[in-house]
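What follows is each chain in one-letter form.
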Amino acid sequence: MTNDQYTFDNPKTRYDAITPPVQHQDEPGLDSRLDPRPDLGEQSYRGTGRLSGRKALITGADSGIGAAVAIAFAREGADVALSYLPSEQSDAERIAELIDAEGRTAALLPGDASVGEECRRVVDEAAMALGGLDILVNNAGKQVYCEKLEDLSDDAFDATMRTNVYAMFWLTKAALKYLPAGSSIINTTSVQAYKPSPILVDYATTKAAINTFTKALGAQLAERGIRVNAVAPGPVWTTLQVTDGQPDEKISEFGHDTPIGRAGQPAEMAPAFVFLASPESSYVIGETLNANGGIPTP
Ligand code: NAD
Ligand code: MG
(Lines give C-alpha, C1' and ligand atoms only; values in the text may rest on other atoms or scores of the structure.)
(Ligands and ions follow the chains in the order given, each with its own letter.)
Protein backbone atom coordinates (compact mmCIF):
# COMPACT_ATOMS: atom_id res chain seq x y z
CA MET A 1 0.00 0.00 0.00
CA THR A 2 1.18 3.53 -0.76
CA ASN A 3 2.09 5.70 2.19
CA ASP A 4 -0.42 8.43 3.02
CA GLN A 5 -0.42 11.48 5.29
CA TYR A 6 -1.19 9.30 8.30
CA THR A 7 1.85 7.04 7.86
CA PHE A 8 4.12 7.40 10.91
CA ASP A 9 7.54 8.07 9.41
CA ASN A 10 10.48 10.47 9.57
CA PRO A 11 9.35 13.83 8.10
CA LYS A 12 12.92 14.67 7.10
CA THR A 13 13.11 11.68 4.78
CA ARG A 14 9.42 11.40 3.86
CA TYR A 15 10.37 13.19 0.64
CA ASP A 16 13.80 13.51 -1.00
CA ALA A 17 15.73 16.76 -0.69
CA ILE A 18 15.29 17.47 -4.40
CA THR A 19 17.97 19.20 -6.48
CA PRO A 20 15.95 20.21 -9.55
CA PRO A 21 17.79 20.78 -12.84
CA VAL A 22 17.90 24.34 -14.15
CA GLN A 23 14.58 24.99 -15.89
CA HIS A 24 12.47 27.96 -16.82
CA GLN A 25 8.86 28.50 -17.89
CA ASP A 26 6.95 31.64 -18.78
CA GLU A 27 4.30 32.67 -16.24
CA PRO A 28 2.12 31.04 -15.02
CA GLY A 29 3.81 27.81 -16.16
CA LEU A 30 2.49 24.28 -16.27
CA ASP A 31 2.73 21.81 -13.44
CA SER A 32 2.90 19.00 -16.02
CA ARG A 33 6.30 20.33 -17.17
CA LEU A 34 7.92 20.57 -13.73
CA ASP A 35 11.01 18.39 -13.23
CA PRO A 36 10.96 16.55 -10.87
CA ARG A 37 7.21 16.04 -10.58
CA PRO A 38 5.81 17.44 -7.35
CA ASP A 39 3.55 15.35 -5.12
CA LEU A 40 0.06 16.85 -5.25
CA GLY A 41 -1.31 13.93 -3.24
CA GLU A 42 -2.53 11.98 -6.28
CA GLN A 43 -1.34 8.70 -4.69
CA SER A 44 -0.68 9.89 -1.15
CA TYR A 45 -3.69 11.83 0.18
CA ARG A 46 -6.28 9.72 1.99
CA GLY A 47 -9.64 11.28 2.85
CA THR A 48 -11.73 10.43 5.88
CA GLY A 49 -14.94 12.38 5.24
CA ARG A 50 -13.89 15.56 7.03
CA LEU A 51 -15.54 17.87 4.44
CA SER A 52 -18.50 15.74 3.52
CA GLY A 53 -21.01 17.64 1.37
CA ARG A 54 -19.07 20.91 1.45
CA LYS A 55 -18.78 23.29 -1.54
CA ALA A 56 -15.39 24.92 -2.11
CA LEU A 57 -14.00 27.53 -4.50
CA ILE A 58 -10.21 27.36 -4.75
CA THR A 59 -8.16 29.82 -6.80
CA GLY A 60 -4.95 28.68 -8.46
CA ALA A 61 -6.37 25.15 -8.17
CA ASP A 62 -4.78 23.83 -11.37
CA SER A 63 -1.30 23.32 -9.94
CA GLY A 64 0.90 23.36 -6.88
CA ILE A 65 -0.60 24.03 -3.48
CA GLY A 66 -4.08 24.86 -4.81
CA ALA A 67 -4.24 21.62 -6.78
CA ALA A 68 -3.14 19.60 -3.75
CA VAL A 69 -5.88 21.31 -1.72
CA ALA A 70 -8.45 20.56 -4.45
CA ILE A 71 -7.55 16.85 -4.47
CA ALA A 72 -7.62 16.70 -0.67
CA PHE A 73 -10.95 18.51 -0.39
CA ALA A 74 -12.55 16.15 -2.94
CA ARG A 75 -11.18 13.09 -1.12
CA GLU A 76 -12.66 14.55 2.10
CA GLY A 77 -16.06 14.68 0.39
CA ALA A 78 -16.30 18.26 -0.97
CA ASP A 79 -17.36 19.45 -4.42
CA VAL A 80 -14.79 21.86 -5.83
CA ALA A 81 -14.75 24.83 -8.22
CA LEU A 82 -11.30 25.45 -9.67
CA SER A 83 -10.19 28.95 -10.69
CA TYR A 84 -7.05 29.37 -12.81
CA LEU A 85 -5.70 31.23 -15.84
CA PRO A 86 -6.90 30.10 -19.31
CA SER A 87 -3.39 28.98 -20.35
CA GLU A 88 -3.47 26.44 -17.50
CA GLN A 89 -6.46 24.52 -18.89
CA SER A 90 -4.55 21.21 -19.31
CA ASP A 91 -3.32 21.25 -15.68
CA ALA A 92 -6.83 22.09 -14.47
CA GLU A 93 -8.38 19.26 -16.49
CA ARG A 94 -6.00 16.75 -14.92
CA ILE A 95 -7.05 17.85 -11.42
CA ALA A 96 -10.73 17.78 -12.42
CA GLU A 97 -10.33 14.16 -13.55
CA LEU A 98 -8.96 13.23 -10.12
CA ILE A 99 -11.93 14.97 -8.47
CA ASP A 100 -14.36 13.18 -10.82
CA ALA A 101 -12.72 9.89 -9.85
CA GLU A 102 -13.79 10.55 -6.25
CA GLY A 103 -17.39 10.94 -7.40
CA ARG A 104 -17.30 14.65 -6.55
CA THR A 105 -18.20 17.59 -8.80
CA ALA A 106 -15.36 19.64 -10.32
CA ALA A 107 -16.31 22.98 -11.92
CA LEU A 108 -13.67 24.45 -14.24
CA LEU A 109 -13.63 28.27 -14.15
CA PRO A 110 -10.79 29.87 -16.14
CA GLY A 111 -10.39 33.62 -15.70
CA ASP A 112 -8.02 36.40 -14.71
CA ALA A 113 -8.35 37.07 -10.97
CA SER A 114 -6.39 40.32 -11.23
CA VAL A 115 -9.57 41.86 -12.69
CA GLY A 116 -12.42 42.62 -10.27
CA GLU A 117 -15.21 41.78 -12.71
CA GLU A 118 -13.65 38.37 -13.38
CA CYS A 119 -13.49 37.62 -9.65
CA ARG A 120 -17.18 38.39 -9.25
CA ARG A 121 -18.04 36.21 -12.25
CA VAL A 122 -15.97 33.28 -10.97
CA VAL A 123 -17.67 33.43 -7.56
CA ASP A 124 -21.15 33.53 -9.08
CA GLU A 125 -20.38 30.69 -11.49
CA ALA A 126 -18.86 28.59 -8.69
CA ALA A 127 -21.95 29.03 -6.52
CA MET A 128 -24.18 28.21 -9.50
CA ALA A 129 -22.21 25.09 -10.44
CA LEU A 130 -21.98 23.72 -6.89
CA GLY A 131 -25.40 24.87 -5.65
CA GLY A 132 -23.86 27.24 -3.09
CA LEU A 133 -20.51 27.88 -1.43
CA ASP A 134 -19.21 27.32 2.09
CA ILE A 135 -15.42 27.29 1.62
CA LEU A 136 -13.32 29.91 -0.17
CA VAL A 137 -9.59 29.34 -0.60
CA ASN A 138 -7.77 32.44 -1.88
CA ASN A 139 -4.61 30.81 -3.16
CA ALA A 140 -3.77 32.29 -6.59
CA GLY A 141 -0.51 34.19 -6.40
CA LYS A 142 2.09 36.08 -8.39
CA GLN A 143 5.78 36.04 -7.47
CA VAL A 144 8.35 37.60 -9.81
CA TYR A 145 11.72 38.52 -8.38
CA CYS A 146 13.42 41.84 -9.05
CA GLU A 147 16.94 42.66 -7.85
CA LYS A 148 16.60 46.46 -7.69
CA LEU A 149 13.63 48.59 -6.73
CA GLU A 150 14.46 51.00 -9.57
CA ASP A 151 13.83 48.11 -11.99
CA LEU A 152 10.47 47.16 -10.47
CA SER A 153 8.00 48.76 -12.89
CA ASP A 154 4.79 50.35 -11.73
CA ASP A 155 2.92 47.77 -13.81
CA ALA A 156 4.75 44.84 -12.21
CA PHE A 157 4.15 46.20 -8.70
CA ASP A 158 0.49 46.75 -9.55
CA ALA A 159 0.09 43.24 -11.01
CA THR A 160 1.48 41.62 -7.87
CA MET A 161 -0.83 43.70 -5.67
CA ARG A 162 -3.86 42.98 -7.83
CA THR A 163 -3.27 39.23 -8.01
CA ASN A 164 -2.29 38.66 -4.38
CA VAL A 165 -4.27 41.30 -2.45
CA TYR A 166 -7.04 42.82 -4.58
CA ALA A 167 -8.23 39.44 -5.89
CA MET A 168 -8.54 38.18 -2.30
CA PHE A 169 -10.62 41.26 -1.47
CA TRP A 170 -12.81 40.99 -4.59
CA LEU A 171 -13.39 37.24 -4.29
CA THR A 172 -14.13 37.37 -0.58
CA LYS A 173 -16.50 40.31 -0.92
CA ALA A 174 -18.38 38.58 -3.75
CA ALA A 175 -18.49 35.25 -1.89
CA LEU A 176 -20.01 36.64 1.30
CA LYS A 177 -23.52 36.69 -0.11
CA TYR A 178 -23.32 32.91 -0.51
CA LEU A 179 -21.43 31.89 2.65
CA PRO A 180 -23.66 30.60 5.46
CA ALA A 181 -22.65 30.39 9.12
CA GLY A 182 -20.10 27.61 9.46
CA SER A 183 -18.27 28.66 6.30
CA SER A 184 -14.52 28.98 6.17
CA ILE A 185 -12.29 31.40 4.25
CA ILE A 186 -8.64 30.41 3.95
CA ASN A 187 -5.96 32.67 2.49
CA THR A 188 -2.51 31.58 1.34
CA THR A 189 0.20 33.78 2.76
CA SER A 190 3.92 32.90 3.06
CA VAL A 191 6.96 32.78 5.29
CA GLN A 192 7.91 35.81 3.16
CA ALA A 193 5.56 37.83 5.38
CA TYR A 194 8.09 37.45 8.23
CA LYS A 195 11.40 36.74 6.50
CA PRO A 196 11.23 38.74 3.27
CA SER A 197 13.78 38.15 0.52
CA PRO A 198 15.51 41.33 -0.66
CA ILE A 199 14.52 40.47 -4.26
CA LEU A 200 10.81 39.94 -3.41
CA VAL A 201 9.86 43.34 -1.99
CA ASP A 202 6.46 43.54 -3.70
CA TYR A 203 5.55 39.89 -3.17
CA ALA A 204 6.59 39.82 0.50
CA THR A 205 4.60 42.99 1.11
CA THR A 206 1.45 41.33 -0.25
CA LYS A 207 1.95 38.34 2.02
CA ALA A 208 2.15 40.56 5.12
CA ALA A 209 -1.02 42.29 3.91
CA ILE A 210 -2.75 38.90 3.54
CA ASN A 211 -1.91 38.04 7.16
CA THR A 212 -3.34 41.30 8.45
CA PHE A 213 -6.43 41.10 6.20
CA THR A 214 -6.99 37.61 7.64
CA LYS A 215 -6.85 38.81 11.24
CA ALA A 216 -9.03 41.88 10.72
CA LEU A 217 -11.68 40.09 8.66
CA GLY A 218 -11.57 37.08 10.99
CA ALA A 219 -12.52 39.37 13.86
CA GLN A 220 -15.24 41.03 11.75
CA LEU A 221 -16.89 37.82 10.50
CA ALA A 222 -16.67 35.77 13.71
CA GLU A 223 -20.01 37.17 14.80
CA ARG A 224 -21.58 35.77 11.60
CA GLY A 225 -20.09 32.35 12.24
CA ILE A 226 -17.70 32.62 9.30
CA ARG A 227 -14.08 31.86 10.11
CA VAL A 228 -11.12 33.43 8.30
CA ASN A 229 -7.64 31.92 8.61
CA ALA A 230 -4.45 31.58 6.59
CA VAL A 231 -1.79 29.04 5.74
CA ALA A 232 1.81 30.23 5.42
CA PRO A 233 3.89 27.79 3.36
CA GLY A 234 7.68 27.79 3.35
CA PRO A 235 9.57 26.71 0.22
CA VAL A 236 7.28 24.33 -1.70
CA TRP A 237 8.17 22.80 -5.06
CA THR A 238 5.74 24.37 -7.57
CA THR A 239 5.72 26.20 -10.92
CA LEU A 240 5.87 29.51 -9.04
CA GLN A 241 9.59 28.87 -8.52
CA VAL A 242 10.51 28.28 -12.18
CA THR A 243 8.50 31.20 -13.61
CA ASP A 244 10.85 33.91 -12.27
CA GLY A 245 9.77 33.36 -8.66
CA GLN A 246 13.50 33.33 -8.07
CA PRO A 247 16.66 33.27 -10.19
CA ASP A 248 16.84 29.99 -12.16
CA GLU A 249 20.33 29.16 -10.86
CA LYS A 250 19.03 29.04 -7.27
CA ILE A 251 16.49 26.33 -7.97
CA SER A 252 18.84 23.37 -7.43
CA GLU A 253 19.24 24.28 -3.75
CA PHE A 254 15.57 25.11 -3.25
CA GLY A 255 14.48 24.51 0.35
CA HIS A 256 17.80 23.03 1.49
CA ASP A 257 18.34 25.87 3.98
CA THR A 258 15.24 25.01 6.05
CA PRO A 259 15.76 23.24 9.40
CA ILE A 260 14.26 20.07 7.88
CA GLY A 261 16.75 20.36 5.01
CA ARG A 262 14.44 19.93 2.03
CA ALA A 263 11.70 21.64 0.04
CA GLY A 264 8.11 20.92 0.97
CA GLN A 265 5.74 19.17 -1.41
CA PRO A 266 2.27 20.60 -2.20
CA ALA A 267 0.69 17.48 -0.67
CA GLU A 268 2.22 18.47 2.68
CA MET A 269 0.29 21.76 2.65
CA ALA A 270 -3.15 20.24 2.04
CA PRO A 271 -3.82 18.94 5.60
CA ALA A 272 -3.43 22.46 7.00
CA PHE A 273 -6.17 23.71 4.65
CA VAL A 274 -8.39 20.73 5.46
CA PHE A 275 -8.05 21.45 9.18
CA LEU A 276 -8.95 25.12 8.75
CA ALA A 277 -11.88 24.30 6.43
CA SER A 278 -13.37 21.69 8.71
CA PRO A 279 -15.51 22.35 11.82
CA GLU A 280 -12.80 20.72 13.97
CA SER A 281 -11.09 24.17 13.93
CA SER A 282 -14.27 25.92 15.15
CA TYR A 283 -12.38 28.06 17.70
CA VAL A 284 -9.50 28.94 15.35
CA ILE A 285 -10.01 32.41 13.86
CA GLY A 286 -7.58 34.95 12.39
CA GLU A 287 -4.78 32.40 12.68
CA THR A 288 -1.88 31.81 10.32
CA LEU A 289 -0.81 28.17 10.28
CA ASN A 290 2.84 27.93 9.28
CA ALA A 291 3.91 24.89 7.27
CA ASN A 292 7.49 25.78 6.47
CA GLY A 293 9.93 23.05 7.48
CA GLY A 294 10.88 24.73 10.75
CA ILE A 295 11.74 28.32 9.80
CA PRO A 296 11.07 30.36 12.98
CA THR A 297 8.19 32.87 12.70
CA PRO A 298 6.95 35.51 15.15
P1 NAD B 1 1.43 27.69 -8.64
O2 NAD B 1 2.09 28.42 -9.72
O3 NAD B 1 1.23 26.24 -8.83
O4 NAD B 1 0.04 28.32 -8.27
C5 NAD B 1 -0.24 29.70 -8.41
C6 NAD B 1 -1.52 29.80 -9.19
O7 NAD B 1 -1.97 31.15 -9.16
C8 NAD B 1 -1.38 29.46 -10.67
O9 NAD B 1 -1.60 28.10 -10.90
C10 NAD B 1 -2.47 30.32 -11.29
O11 NAD B 1 -3.60 29.53 -11.60
C12 NAD B 1 -2.86 31.30 -10.22
N13 NAD B 1 -2.83 32.65 -10.73
C14 NAD B 1 -1.78 33.48 -10.86
N15 NAD B 1 -2.17 34.64 -11.40
C16 NAD B 1 -3.51 34.54 -11.61
C17 NAD B 1 -4.49 35.40 -12.14
N18 NAD B 1 -4.18 36.64 -12.57
N19 NAD B 1 -5.76 34.95 -12.23
C20 NAD B 1 -6.09 33.71 -11.80
N21 NAD B 1 -5.19 32.86 -11.28
C22 NAD B 1 -3.92 33.27 -11.19
O23 NAD B 1 2.32 27.96 -7.32
P24 NAD B 1 2.04 27.70 -5.77
O25 NAD B 1 3.37 27.77 -5.14
O26 NAD B 1 1.20 26.52 -5.56
O27 NAD B 1 1.26 29.01 -5.33
C28 NAD B 1 0.05 29.00 -4.62
C29 NAD B 1 0.10 30.01 -3.49
O30 NAD B 1 1.07 29.60 -2.55
C31 NAD B 1 0.48 31.42 -3.92
O32 NAD B 1 -0.35 32.35 -3.25
C33 NAD B 1 1.90 31.56 -3.42
O34 NAD B 1 2.23 32.90 -3.14
C35 NAD B 1 1.83 30.72 -2.17
N36 NAD B 1 3.12 30.29 -1.64
C37 NAD B 1 3.92 29.46 -2.35
C38 NAD B 1 5.14 29.08 -1.83
C39 NAD B 1 6.07 28.17 -2.56
O40 NAD B 1 7.20 28.01 -2.14
N41 NAD B 1 5.65 27.53 -3.62
C42 NAD B 1 5.54 29.54 -0.57
C43 NAD B 1 4.70 30.39 0.13
C44 NAD B 1 3.48 30.75 -0.41
MG1 MG C 1 -0.71 26.80 -12.36
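Residue indices begin from 1 for each chain and proceed along its sequence in written order. The order in which chains are written sets their letters, starting at A; the order in which ligands are written sets their numbers, starting at 1. Restriction of local features to residues with pLDDT of at least 70 applies here, the model being predicted, together with a cutoff of 80 or more for giving and counting side-chain atom pairs; totals for whole chains, interfaces and linings are based on all residues. Hydrogens and water molecules were not included; the side-chain quantities draw on all heavy atoms of the structure.

- The chain is annotated in an unreviewed UniProt entry as NAD(P)-dependent oxidoreductase from Microterricola viridarii.
- UniProt positions are given in the numbering used here, feature names are shortened, and annotations may be inferred rather than shown by experiment. Taken from UniProt, the Sequence similarities (unreviewed entry) comment for the chain reads in full: "Belongs to the short-chain dehydrogenases/reductases (SDR) family."

Side note on the coordination of the magnesium ion (ligand 2)
For a metal with four donors in a tetrahedral arrangement, the ideal angle between donors is 109.5 degrees, while six donors in an octahedron ideally sit at 90 or 180 degrees.
Next, step 1: Listed donor atoms are N, O and S within 2.8 Å of the metal (Na, K and Ca: 3.2 Å). As water is not included, a site may look incomplete. Distances from the magnesium ion (ligand 2) to its protein donors, Asp62 (OD), Ser63 (OG) and Glu88 (OE), fall within 2.1 to 2.2 Å.
Next, step 2: Spacing between the donor residues of the magnesium ion (ligand 2) along their common chain follows D-S-x24-E.
Next, step 3: With a 1.4 Å probe rolled over the protein chains alone, any residue whose accessible area is under 20% of its type maximum counts as buried; one over 50% counts as exposed, and the rest are partly exposed. Take serine 63: its relative accessible area is 10%, and that puts it in the buried class.

Things to note about the sheet that holds strand β3 (residues 106–110)
Backbone hydrogen bonds are what pair the strands of a sheet, in a parallel or an antiparallel way.
Next, step 1: Here, strands pair whenever DSSP counts at least two bridges between them. Each helix is a run of H or I in the DSSP string that is no shorter than four residues. Each strand is a run of E no shorter than two, and both are numbered from the N terminus. Read from one edge to the other, the open sheet built from 7 strands follows the order β3-β2-β1-β4-β5-β6-β7, with strand pairing classed as parallel. Of all the strands in the sheet, the pair left with one neighbour each is β3 and β7 (288–291). Strand-to-strand twist of the sheet, defined as the mean angle between neighbouring strand axes without regard to direction, takes the value 15°.
Next, step 2: Relative to β3, strand β2 (residues 79–84) runs parallel, the two being bridged by 5 bridges. When the sheet's bridge partners are listed, leucine 82 is paired in β3 with leucine 108.
Next, step 3: On the sheet, helix α2 (residues 64–75) packs against β1 (55–59), β2, β4 (135–138) and β6 (227–233) and is oriented at approximately 170° with respect to β1. Where helices are involved, their axes are fitted lines through C-alpha atoms of the stretch in contact, as for all axes, and angles between N-to-C directions lie from 0 to 180°. When checking whether two residues touch, look at their non-hydrogen atoms; a contact exists if any pair is within 4.5 Å.

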